[in-house]
Amino acid sequence: MPDEEVLEEGVLNPVQPEIQDPLLKSILAESEAVPAAAPTEQEQAAPLPDPADEVDCVVIGTGAGGAPLLARLAMAGLKVVALEAGPRRDPTKDYATDEKAQNFLFWNDERLSAGQNPVAFGKNNSGTGVGGSTLHYTAYTPRAHRGDLQLHTDFGQGVDWPFGIEELEPYYEEIEHFLGISGPTPYPWDPTRRKGYPLAPLPLNGAAQLMERACAQLGIQTSPAANAALSARYYQEGIGWREACTNRGFCQAGCNRGAKASMDVTFLPLAESYGAEIRADAYVTEIERDTTGRVTGVVYEQHGQTVRQRCRHLFLCAGAVETPRLLMLNELALSSGHVGKNFMAHPGMQVWGTFPEDIRPYKGIPGGLISEDTHRPKDADFAGGYLLQSIGVMPVTFATQMVRQRKLWGQPLRDYMRSYNHIAGINILGDCLPHAANFMELSDEKDARGLPKPRLHFTAQENEQRMNRHAEKLMRQIWEAAGATDIWAFERYAHVIGTARMGRSGDDAVVNPEGKAFDVPNLYICDNSVFPSALSVNPALTIMALSLRTADKFLASLRA
Amino acid sequence: MPHYPEGTVRALLATSHVTPATKAALEARLHASADYAPQFFDTDTYQLLRAVAARLFPQPERETPIELAPNVDQRLTAGRADGWRYDVMPPDREAYRLGLGGINQAAQAQFQQPFTALDEAGQDAVLELLAAGKAPGENWAQVSQKYFFEELLAELTESYYAHPLAQEEIGYVGMADQPGWTRIGLNQLEDREPTEVKL
């Protein structure tokens, strides 16, 4: 508990004892029964060489998929170990406010991008280090809508999730209050929510004000966005006080204040305070099984050593490229034929313009303003929908994207970039349908470890192209209304989704509705690879919600 | 187009507005030695890369231009990647060898001279062909000139705008983020943010 501060009402210890304690009690009461509930011991062909070395659960990956469940499992009294491929860093000392110096936050092992719309990785949504991709996520945390989970019901395209939004709502509420989400209450596009955001929205920067002004003219409703950066100091169990955001605008790299709710300053310290062990620089190469097909442990490389860790249960939370890659490399859970398939990426088209106003795009959270009026546009000729966000941007990220699109070079390039302080953008985040042409496979080319590099095929199909056209037209209208000149669009795709999807049947899905592999009795998968559909919102909050839900389903199965 | 006074970022680096980690990263670039001995490229190819970089980022106003080629050479020497590669492209080292060789082939085909022997107009003419995907040369059968040009331009652009002098040029002072920004709305500046100057 905090020593000097008095806790404010409504901000107090967001991990609610009334939710946690009965679970903890029941698990602790049955702790004797937990090993017996796992029949592994009797069925092992050979006795374990060192039973003391076996832990209840190994979690691979410490991002939005792995960290929340790691905390939940540790709080339930289980012995849990997390393996993180990247290092553990100290944000206050190691995080320079410099884009290039922050490149260590990205998963920079090479992936091969194929198809008509090759997807960028690295700084585009692939992270490494204790905290995973949340170290450099922009912390946009809109909730999915009811309709996002039932695209097939509503449009006859894509697939439905095997459960409704009711399953996620309690977890959204819990996470929003645990992380200290800043956002509008009531939420304009979902005014009947049971609980509002715990903190007021963050302030609007120049790009957000321009979009707000133009949308008001055009009759488009906007609101300050929900964001997992703190608009006020906030207390969290296991961590203590986290400081408020200072509008340094550097969310797409690391936050050096702990104001952004990356996993390293939220769920991971919570997990460690309950006894979870996090091993950094631990790159998993093998998943071992016994003759019955149960996972018995994993093998990883750490500081030049090969290490084996035995476990009763494995949680694979390595993200939607490394998760299917590990499954393929280990020929695990492949019977559905859907590992690596159904690769979806959010249409993330950006429209940029130059304004007479002084914008200084490096200040404030990048995506200050949101509109979800386009969640189901009335004039849409496509399934699903999208949201709109304003964008402020750092100069290196902006310049490199801009040259890829506009191919400016020489004096025109330097001249255009002189207007950096007068440039602002809007982007969309839209739903994506699965398609047979979009998938991940292992290539013949090897990485430095001698493992095959992943190859990802992505081609925007008719639905994504129609959505892009709709969105580009609307965003150009907004920027014209805002007074922009030299307006240009950048077609891009972000987030890796769907490569080990969840479903009701092992014929067309890799994991069941509880996140458990159909093929393997003690393997759970939890990250954006299990999403049956892409959603029309940024995925991080939903990954975290699934993570807690997966942990609860697993814990309930232990008690059963 | 806006212009900003010189020396803004350099002055801020000496203040507590910049964290020690940030200062270290920027000063390393600011004080990088001008004479760099290539490790990956041979001397001729390295000079070719420098010449190409000098046309993609012409800096006639600077006595000592910001050097962009060393970062490429260092990265290729270390074998570092940025997380992805166009599947149609060969591995980065091979792509650079083929692409730079292709630029020389295009210069020979157009002007019967190597790229580095051409005047600025001739060099720009070759780069225009490359940017348009119309450069002659047998190497382009093995490497896509569209994607080579895009990757080369993006890599040099990252190095250029990561440099404190280039950041001064565009009026970026986001590195001076301590203790934070409070005036973040339209047309709101804090004292440490540079104002535009009339030329």
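Residues numbered from 1 in each chain as written. Chains lettered and ligands numbered in written order. Predicted model: local features only at pLDDT ≥ 70, side-chain atom pairs only at ≥ 80, totals over all residues. Heavy atoms only, no water.

The name given to chain B in an unreviewed UniProt entry is Gluconate 2-dehydrogenase subunit 3 family protein, with the source organism recorded as Hymenobacter metallilatus.

By the naming in an unreviewed UniProt entry, chain A is GMC family oxidoreductase, taken from Hymenobacter metallilatus. On record in UniProt, under Sequence similarities (unreviewed entry), the comment for chain A is "Belongs to the GMC oxidoreductase family." (UniProt positions renumbered as here; feature names shortened; annotations may be inferred.)

Caption draft 1: The arrangement of the interface of chain B and chain A in detail. Taken together, the contacts link 67 residues of chain B with 65 residues of chain A. Summing both partners gives a buried area of about 5400 Å² for chain B against chain A, and 55% of it is carried by carbon and sulfur. Considering only the surface of chain B that becomes buried against chain A, Trp 84, Ile 184 and Leu 186 of chain B emerge as the three largest contributors, covering 14% of it. Notably, a salt bridge pairs Glu 150 of chain B with Lys 407 of chain A, separated by 3.8 Å at the nearest N-O pair. Our count for the contact surface shared by chain B and chain A stands at 36 residue pairs in polar contact (both at pLDDT 80 or more). The set of elements that each furnish at least two residues to the side of chain B that touches chain A consists of helix 2 (20-30), helix 3 (43-56), strand 1 (84-86), helix 6 (120-131), helix 7 (145-161) and helix 8 (164-170) of chain B. Counting residues per element, the side of chain B that touches chain A draws most heavily on helix 7 of chain B, at 11 residues. (Contact = heavy atoms within 4.5 Å. Buried area = accessible area lost by both parts, 1.4 Å probe. Salt bridge = Lys/Arg side-chain N within 4 Å of Asp/Glu carboxyl O. Polar contact = N/O pair within 3.5 Å; in protein donor to acceptor, adjacent residues only side chain to side chain. Helix = DSSP H or I, 4+ residues; strand = E, 2+ residues; numbered from the N terminus.)

Caption draft 2: Summary view of the packing of helix 8 (residues 206-218) of chain A against helix 13 (residues 462-481) of chain A. Residue and element names in this part refer to chain A. At a closest axis distance of 8 Å, the pairing of helix 8 and helix 13 adopts a crossing angle of 100°. When the axes of helix 8 and helix 13 are compared, the pair comes out roughly perpendicular. Residues Ala 207, Leu 210, Met 211, Ala 214, Cys 215, Gln 217 and Leu 218 of helix 8 lie in contact with helix 13, whose contacting residues are Gln 477, Ile 478, Trp 479 and Ala 481. Considered class by class, the residues forming the contact of helix 8 with helix 13 number nine nonpolar, two polar and no charged. (Axes fitted to C-alpha atoms, helices over the stretch in contact; angles between N-to-C directions. Parallel < 35°, antiparallel > 145°, perpendicular 65-115°, else oblique. Nonpolar A, V, L, I, M, F, W, Y, C, P; charged D, E, K, R; others polar.)

Caption draft 3: Representation of the side chain of Thr 550 of chain A within the structure. Relative to the helices and strands, Thr 550 of chain A resides in helix 14 (residues 540-559). Only 2.7 Å separates the side chain of Thr 550 of chain A from the backbone oxygen of Leu 546 of chain A, close enough to count as a polar contact.

Caption draft 4: Quick peek at helix 8 of chain A. All names here are of chain A. Over its 13 residues, helix 8 extends 19 Å from the first C-alpha to the last, a length consistent with the 18 Å expected when each residue adds 1.5 Å. Those residues of helix 8 that are buried lie in contact with strand 13 (369-371), strand 14 (386-391), strand 15 (423-430) and helix 13. Remark: Gly 219 follows helix 8 within two positions and exhibits a positive phi of approximately 75°. (Expected span 1.5 Å × (residues − 1).)

Caption draft 5: Inspection of the side chain of Asp 431 of chain A at higher detail. Residues and elements named next belong to chain A. Within the secondary structure, Asp 431 is located in the loop between strand 15 and strand 16 (439-446). For Asp 431, which is buried and forms no salt bridge, the nearest opposite charge comes from Arg 376, at a distance of 5.2 Å. Of the polar contacts made by the side chain of Asp 431, one reaches the backbone nitrogen of Leu 535; its length is 3.2 Å. Non-local contacts of Asp 431, meaning those with residues more than four positions away in its chain, are made with Asp 148, Leu 151, Pro 347, Gly 385, Met 467, Ala 534, Leu 535 and Ser 536. (Buried < 20%, exposed > 50% of the residue type's maximum accessible area, 1.4 Å probe, protein only. Lys, Arg positive; Asp, Glu negative; His and termini not counted.)

Caption draft 6: Fine view of the nonpolar core. In this structure, Leu 73, Phe 267, Phe 398 and Leu 523 of chain A together with Leu 56, Ile 103 and Phe 115 of chain B are the most contacted members of the largest nonpolar core, which totals 191 residues. Every residue in contact with Phe 398 of chain A, bar those within four places of it in the chain, is listed here: Trp 352, Val 393, Tyr 416, Met 417, Tyr 420, Ile 423 and Trp 488 of chain A. Core analysis: the second largest hydrophobic core is formed by 30 residues, Ala 207, Cys 215, Ile 359 and Ala 489 of chain A among them. (Core = buried A, V, L, I, M, F, W, Y, C linked by side-chain atoms within 4.5 Å.)

Caption draft 7: Spotlight on the packing of helix 4 (residues 69-78) of chain B against helix 7 of chain B. Residues and elements named next belong to chain B. In contact at an axis separation of 9 Å, helix 4 and helix 7 are set at 115° when each is read in the N-to-C sense. When you trace helix 4 past helix 7, the crossing you get is right-handed. Here Asn 71, Val 72 and Arg 75 of helix 4 lie close against helix 7, whose contacting residues are Glu 155, Leu 156 and Ser 159. Residue composition of the contact of helix 4 with helix 7, grouped by class: two nonpolar, two polar and two charged. (Left-handed = near helix turned anticlockwise from the far one by under 90°.)

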